[in-house]
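# Report on the structure
Listed below, chain by chain, are the residues.
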Amino acid sequence: MSKQGERPAWETYFMDITQLVAMRSTCLRRVVGAVLVKDKRVLSTGYNGAPSGVSHCAEAGCLRETLNVASGEKHELCRGIHAEQNAIIQAAHYGISIDGASLYCTNLPCSICTKMIINAGISKIFYKEGYADSLSEKMLSETDIQLIKLDNSAQGENS
């Protein structure tokens with residue numbers, strides 16, 4: 001908890017929210033949270049896990065673990081949806097425009113999520129940790145999307 005009068009920077013605030021959202025993850029391999037933000041307002045959140053109404057990996061098992069699939073490869077061999085995808089889907093489901101929004105995510109998005117992010121009109125991506133998918137960064141380098149890695153020490157008031 002911060003001292004009275006001290007407020008976290010907006011980037012810290014939204015990234016902290018991604019950590020809370022990630023706690024809802026049902027993935028056995030990686031816990032990820034995502035938050036879509038525009039004009040300093042949360043538009044949508046998402047975490048990685050199975051689609052609504054479908055057995056979670058804890059119940060059904062992890063096919064990627066069974067097949068020993070490396071991180072960042074063969075995304076289609078997973079019953080889960082990535083956090084970024086869930087945030088975009090939730091915004092669409094509720095009719096919320098995310099054009100020009102910023103994405104805060106615990107991890108750098110994979111190449112599949114990156115394609116969705118590009119076409120959704122997201123303008124900035126803030127992330128904490130990398131991801132083993134070099135195509136993602138390659139595609140982002142060909143766009144105007146700002147990619148910003150936040151370190152854990154970012155703090156202080158930022159109105």
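Our subject in this report is the structure included herewith.

The rules behind the values
Residues numbered from 1 in each chain as written. Predicted model: local features only at pLDDT ≥ 70, side-chain atom pairs only at ≥ 80, totals over all residues. Heavy atoms only, no water. Pairing = 2+ DSSP bridges. Helix = DSSP H or I, 4+ residues; strand = E, 2+ residues; numbered from the N terminus. Axes fitted to C-alpha atoms, helices over the stretch in contact; angles between N-to-C directions. Contact = heavy atoms within 4.5 Å. Parallel < 35°, antiparallel > 145°, perpendicular 65-115°, else oblique. Buried < 20%, exposed > 50% of the residue type's maximum accessible area, 1.4 Å probe, protein only.

Right, let's get into the sheet that holds strand β1 (residues 33-38). Spatial ordering of the open sheet is given by β2-β1-β3-β4-β5, a layout of 5 strands whose pairing is mixed. Two strands in the sheet have a free side with no partner beyond their single neighbour: β2 (41-47) and β5 (146-149). Neighbouring strand axes in the sheet, compared pairwise and without regard to direction, differ in orientation by 20° on average. In the sheet, β1 pairs with strand β3 (residues 102-107) via 4 bridges, with the strands oriented antiparallel. Its bridge partner being in β3, Val-37 is matched across the sheet by Ser-102. Against the sheet, helix α4 (residues 83-93) touches β1, β2 and β3, its axis set at about 130° to β2.

This paragraph deals with the packing of helix α5 (residues 111-120) against helix α6 (residues 134-141). At a closest axis distance of 8 Å, the pairing of α5 and α6 adopts a crossing angle of 20°. Accordingly, the angle class assigned to the pair α5 and α6 is roughly parallel. Counting all contacts with α5, which are made through Ser-111, Thr-114, Lys-115 and Ile-118, the residues of α6 involved are Leu-135, Ser-136, Met-139 and Leu-140.

At Asp-39, a position not held by glycine, the phi torsion is positive, near 55°. Along the chain, Asp-39 falls in the loop between β1 and β2. Taking the relative accessible area as the measure of exposure, Asp-39 reaches 65% and is therefore exposed. The residue Lys-40 is not glycine, and still its phi comes out positive at about 60°. The residue Lys-40 is located in the loop between β1 and β2 in this model. Taking the relative accessible area as the measure of exposure, Lys-40 reaches 36% and is therefore partly exposed.

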